[in-house]
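Results of the structural survey
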Amino acid sequence: MKAVILAGGLGTRLREFTKEEVPKPMVKINEEPILQHQIKKLKKYGITEIIFIIGYLGSKIKEYFGDGRKFGVTIQYFEETEPLGTAGALYYIRNLLHNQFLVVFGDIIFDMDLDRFIRFHNENEADCSIVIHPNNHPYDSDVIALDKNNRVINILEKNQTRDFYYNNCVIAGMFLLNISVIEYIKEGVKQDLVKNVISNILPDKKVLGYRTTEYLKDMGTPDRYLLVQKHMVEGIVAQRNLSNRQKAVFIDRDGTINKYCGLVSKPEELEVFEEAYTALKLLNNSEYLSIVITNQPVVARNLCTIDELDNIHKKLEYDLGLRGVYIDDLYYCPHHPDKGYPEENKLYKIECDCRKPKIGLIQSAVEKYNIDLSSSFMIGDSTIDIQTGKNAGLKTILLGSGVIENDAKYKAKPDYYSANILEAVKIIINK
């Protein structure tokens with residue numbers, strides 16, 4: 001498989017760090033250009049044939065990398081005489097590509113299990129797979145909407161007005177394309193890969209979103225540049241690769257992240273604790289994943305539908321995103337075992353494996369994200385959460401922020417007590 005790296009960025013906003021005119025992909029992270037970090041990661045997974053699309057100061061890229069021999073890869077170049085966007089040049093290199101190829105934006109630092117990504121693409125017979133993840137600025141990012149089978153159903157462009165709630169599923173700057181996608185690219189026309197190509201193939205091609213917690217961050221602003229430098233030094237970039245066992249903090253929702261006000265059945269009823277924003281920011285910049293695990297019997301009780309519950313969770317992700325934080329994923333149980341109420345939704349009034357204190361939701365996250373439970377935590381405001389953590393082999397923290405912190409439904413004793421989620425996260429980070 002070949003990789004195409006789009007390496008024509010200007011890098012004007014990072015000039016204070018370069019002290020010279022260089023294209024953005026040549027900005028150094030820990031004394032090596034971003035492109036060199038990318039080549040190392042591609043080579044690790046056997047991707048050694050690379051095509052650079054160059055433009056602005058492309059000669060500096062050629063001068064540094066040459067034919068790639070000294071980096072253990074083979075590099076070819078296509079130089080744009082005029083900007084063709086993120087897709088236009090693909091038309092001209094189509095004869096150099098095989099049946100499948102990666103496209104990587106040249107301004108991102110990434111460390112991800114590419115074998116897992118390629119396997120996802122092939123097992124699902126996709127024409128195009130887009131790497132997506134939550135980030136701390138979804139409001140100025142391209143966001144995609146998925147159906148239950150990870151198929152892309154809509155793309156929300158970053159300059160598009162969004163007067164509605166949406167999931168924090170941001171396009172991360174890496175794509176796996178089948179060669180047939182190039183049929184949709186026009187000769188000699190400036191085109192955006194997302195806006196002008198992928199958006200247009202949605203009706204005809206199978207386009208999937210590959211959600212991952214792995215590290216992919218762009219260098220678009222000085223703040224992001226400095227953050228990536230920090231994460232690189234701390235080892236967070238490498239640790240987030242899903243070939244490594246992950247540490248996670250499993251977090252209850254009501255009474256833990258948002259104020260407890262009974263059964264939340266409408267988005268406007270969900271109000272995030274102020275301290276939850278700070279707590280999640282600490283987790284976002286740590287070695288831990290943040291995964292919400294919540295019982296939501298509002299569906300079984302017929303107080304709202306699955307779609308309405310999903311909109312509540314979109315509101316949660318939306319509110320977090322506006323404050324520059326995110327959760328890595330969210331799992332919920334819509335069931336309730338008690339039957340016989342006239343207003344109930346019988347479809348969801350069942351015994352299940354996902355309702356806490358059972359650990360079905362946790363097991364789903366473990367399988368998806370390669371989580372090491374012995375190094376992970378459960379935070380919640382009830383003994384149900386503590387018993388769930390104990391059942392899964394997690395360390396547990398009981399909060400006093402809900403209204404049922406002293407419930408005695410289960411006799412499970414937590415490993416730690418804390419007033420709220422922020423204090424709990426500080427215990428974890430500083431342990």
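Just so it is clear, the model here is predicted, and its values are computed rather than measured.

Turning to the domain arrangement of the protein, a few remarks are in order. The domain boundaries assigned to the protein delineate domain 1 (2–226) and domain 2 (245–430). The C-alpha centroid of domain 2 is placed 34 Å from the C-alpha centroid of domain 1. Domain 1 puts 15 residues into the contact, and the matching count from domain 2 is 21 residues. Interface area, domain 1 with domain 2, both sides summed: about 1600 Å², of which 53% is carbon and sulfur. The largest contributions to the domain 1 side of the interface with domain 2 come from Y165, R211 and T213, which together make up 42% of the buried area. Put simply, domain 1 and domain 2 have one salt bridge between them. Here K148 makes a salt bridge to D310, at a shortest N to O gap of 2.8 Å. Across the side of domain 1 that touches domain 2, the residue classes tally to six nonpolar, five polar and four charged.

The next subject is the side chain of T396. With respect to the helices and strands, T396 occurs in strand β18 (residues 395–399). Relative accessible area serves as the criterion here: at 0%, T396 is assigned to the buried category. If we skip the residues at most four places from it in the chain, T396 touches M378, I386, G389, K390, K413, P414, D415 and Y416.

Let us look at unusual backbone geometry. Going from K356 to P357, the amide bond is cis rather than trans, its omega being 15°. The topology assignment puts P357 in the loop between β16 (329–333) and α10 (360–369). Positive phi outside glycine occurs at E31, with the angle close to 75°. Considering the arrangement of structural elements, one finds E31 in the loop between β2 (28–29) and β3 (32–33). In this structure E31 comes out as exposed when scored by relative accessible area, which is 67%. We note that L57 has phi near 50°; this positive angle belongs to a residue other than glycine. Its place among the elements puts L57 in the loop between β4 (49–54) and α3 (58–65).

Okay, the sheet that holds strand β17 (residues 377–380) next. Strand order in the open sheet formed by six strands is β16-β15-β14-β17-β18-β19, with parallel pairing between adjacent strands. What marks the edges here is a single partner per strand, and that holds for β16 and β19 (416–418). Adjacent strand axes in the sheet meet at a mean angle of 20° when their direction is disregarded. For strand β14 (residues 247–251) and β17, the ladder comprises three bridges, and the chain directions are parallel. What sits directly across from V249, in β17, is F377. Strands in contact with helix α11 (residues 383–392) are β15 (288–295), β17 and β18; relative to β18, the strand with the most contacts, it is inclined by about 175°.

This part takes up the packing of aromatic side chains. Across all of its chains, the model carries 14 aromatic pairs by this definition. Their ring planes at 75° and their centres at 6.2 Å tell us that Y288 and F377 sit as a pair that is edge-to-face. Taken as a pair, Y288 in strand β15 and F377 in strand β17 lie far apart in primary sequence, 89 residues in all. Grouping residues by exposure puts Y288 and F377 together as buried. A cation over an aromatic ring shows up here: R94 above the ring of Y91, its NZ or CZ 4.0 Å from the ring centre. When the ring centre of Y166 is taken as origin, the NZ or CZ atom of R162, which lies over that ring, is 4.9 Å away.

We now examine the nonpolar core. As a rule of thumb, nonpolar side chains are buried together in soluble globular proteins. With 45 residues, the main nonpolar core has L42, F52, F65, L102, M112 and M174 as its most contacted residues. Excluding residues that lie within four positions of it along the chain, M112 makes contacts with Y45, F117, V131, M174, Y210, E214, L216 and N241. Judged by nonpolar contacts, the second largest core, of 37 residues, contains V264, L283, Y288 and C304.

Here is what the cut-offs are and how they apply
- Residues numbered from 1 in each chain as written.
- Predicted model: local features only at pLDDT ≥ 70, side-chain atom pairs only at ≥ 80, totals over all residues.
- Heavy atoms only, no water.
- Domains from an automatic or database assignment.
- Contact = heavy atoms within 4.5 Å.
- Buried area = accessible area lost by both parts, 1.4 Å probe.
- Salt bridge = Lys/Arg side-chain N within 4 Å of Asp/Glu carboxyl O.
- Nonpolar A, V, L, I, M, F, W, Y, C, P; charged D, E, K, R; others polar.
- Helix = DSSP H or I, 4+ residues; strand = E, 2+ residues; numbered from the N terminus.
- Buried < 20%, exposed > 50% of the residue type's maximum accessible area, 1.4 Å probe, protein only.
- Pairing = 2+ DSSP bridges.
- Axes fitted to C-alpha atoms, helices over the stretch in contact; angles between N-to-C directions.
- Phe/Tyr/Trp six-rings, centres within 6.5 Å; stacked < 30°, edge-to-face > 60°.
- Lys NZ or Arg CZ within 6 Å of the ring centre and 35° of its normal.
- Core = buried A, V, L, I, M, F, W, Y, C linked by side-chain atoms within 4.5 Å.

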